[in-house]
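One letter stands for each residue in the lines below.
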Amino acid sequence: GAGVSQSPRYKVAKRGQDVALRCDPISGHVSLFWYQQALGQGPEFLTYFQNEAQLDKSGLPSDRFFAERPEGSVSTLKIQRTQQEDSAVYLCASSLLGGLFEKLFFGSGTQLSVL
Amino acid sequence: AQTVTQSQPEMSVQEAETVTLSCTYDTSENNYYLFWYKQPPSRQMILVIRQEAYKQQNATENRFSVNFQKAAKSFSLKISDSQLGDTAMYFCAFMPRDRDDKIIFGKGTRLHILP
């Protein structure tokens with residue numbers, strides 16, 4: 001596609017529900033990142049994939065957060081038993097080769113509100 | 001641990017004026033990259049400008065330029081001839097060069113360009 005696509009754009013969940021957030025990176029992009037952006041804050045790193053391999057998941061805040069990219073393209077971020085502190089915008093970004101100075105292309109994010 | 005600090009939560013300037021956004025960072029790394037990202041209300045992060053720390057020459061992209069002071073660990077963004085479309089959140093970001101790692105963002109500066 002022309003850019004990084006994320007869906008849904010908005011998600012409202014009741015506390016305790018499971019949610020799944022989808023990211024479609026730019027076709028052919030090797031690297032994929034997930035970031036969490038709380039209200040009024042900068043994005044914070046969650047996890048990083050190179051193709052289907054999850055190389056870094058050090059930013060996932062708890063074992064309720066799980067990300068996958070089984071075929072090296074589309075990625076899903078799953079949050080189990082959502083809590084109010086999970087409310088944030090979840091941003092996905094991709095880059096062509098994952099080089100250290102590569103330009104990152106961001107999606108418009110999914111805004112998650114947990115009630 | 002690396003940190004990025006943006007000391008100006010919010011700024012307003014008149015259209016066509018020049019504005020400077022401040023950023024300082026803390027790191028023990030010698031080789032790294034610095035970035036400024038723009039986030040309009042659409043939430044999509046857009047790369048404005050980037051700087052390689054080993055390059056002494058300040059990066060410039062059209063109306064955007066940086067003042068990189070490595071010894072002071074300062075990386076300010078200057079926007080010349082500001083336009084209404086420049087209204088957005090601006091994030092300063094850091095990434096170590098010698099290892100594959102995530103980008104670390106500051107908390108952002110909300111910039112308003114007034115007509």
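Residues numbered from 1 in each chain as written. Chains lettered and ligands numbered in written order. Predicted model: local features only at pLDDT ≥ 70, side-chain atom pairs only at ≥ 80, totals over all residues. Heavy atoms only, no water.

A. A look at unusual backbone geometry. With an omega dihedral of -10°, the bond running from A:Ser7 to A:Pro8 counts as a cis peptide bond. Structurally, A:Pro8 can be placed in the loop between β1 (5-7) and β2 (10-13). Of note, B:Ala16 is a non-glycine position whose phi angle comes to about 80°, a positive value. You can call B:Ala16 partly exposed: its relative accessible area is 49%. Here the phi dihedral of B:Lys73 falls at roughly 50°; this positive angle occurs in a residue that is not glycine. Turning to its location among the elements, B:Lys73 is positioned in the loop between β8 (64-69) and β9 (74-79). Its relative accessible area of 26% is what places B:Lys73 among the partly exposed residues. (Helix = DSSP H or I, 4+ residues; strand = E, 2+ residues; numbered from the N terminus. Buried < 20%, exposed > 50% of the residue type's maximum accessible area, 1.4 Å probe, protein only.)

B. Quick peek at the environment of A:Tyr90. All names here are of chain A. The residue Tyr90 is located in strand β9 (residues 88-95) in this model. On the basis of relative accessibility, which here comes to 0%, the residue Tyr90 falls in the buried class. A C-alpha to C-alpha distance of 11 Å links Tyr90 and Thr76, two positions 14 residues apart in sequence. Excluding residues within four positions of it along the chain, Tyr90 makes contact with Gln6, Leu21, Trp34, Tyr35, Gln36, Leu46, Phe65, Leu77, Ile79, Gly109, Thr110 and Leu112. Of the polar contacts made by the side chain of Tyr90, one reaches the backbone oxygen of Asp86; its length is 2.6 Å. (Contact = heavy atoms within 4.5 Å. Polar contact = N/O pair within 3.5 Å; in protein donor to acceptor, adjacent residues only side chain to side chain.)

C. Focus on the interface of chain A and chain B. In this assembly, 27 residues from chain A lie in contact with 24 residues from chain B. A buried area of about 2100 Å², summed over both sides, lies between chain A and chain B, and 54% of it is on carbon and sulfur atoms. Taken together, the elements giving at least two residues each to the side of chain A that touches chain B come down to β4 (31-37), β5 (44-50), β9 and β11 (110-114) of chain A. If one sorts the elements of the side of chain A that touches chain B by residue count, β5(A) sits on top with 3 residues. Broken down by class, the residue content of the side of chain A that touches chain B amounts to 11 nonpolar, 12 polar and 4 charged. (Buried area = accessible area lost by both parts, 1.4 Å probe. Nonpolar A, V, L, I, M, F, W, Y, C, P; charged D, E, K, R; others polar.)

D. Local environment of the pattern of salt bridges. Evaluated as defined, the whole model comprises 6 salt bridges over all chains. For A:Arg22, the salt bridge goes to A:Asp24, with nearest N and O atoms at 2.7 Å. The exposure class assigned to A:Arg22 is partly exposed, which follows from its relative accessible area of 38%. The closest approach of N and O atoms between B:Asp26 and B:Lys73, which form a salt bridge, is 3.7 Å. Taken together, the residues B:Asp26 in strand β4 (residues 24-26) and B:Lys73 in the loop between β8 and β9 connect sequence positions 47 residues apart. Judged by its relative accessible area of 42%, B:Asp26 falls in the partly exposed class. (Salt bridge = Lys/Arg side-chain N within 4 Å of Asp/Glu carboxyl O.)

E. Representation of the sheet that holds strand β8 (residues 75-79) of chain A within the structure. Residue and element names in this part refer to chain A. A sheet is described by the order of its strands in space; here 4 strands give the open sequence β1-β3-β8-β7, paired in antiparallel fashion. Of all the strands in the sheet, just β1 and β7 (65-68) have a single pairing partner and so form its edges. Strand-to-strand twist across the sheet, computed as the mean angle between neighbouring axes with direction ignored, equals 15°. Of the pairings in the sheet, the one linking strand β3 (residues 19-24) to β8 comprises 5 bridges and is antiparallel in character. Looking at β8, one finds that Leu21 is bridged to Leu77. (Pairing = 2+ DSSP bridges. Axes fitted to C-alpha atoms, helices over the stretch in contact; angles between N-to-C directions.)

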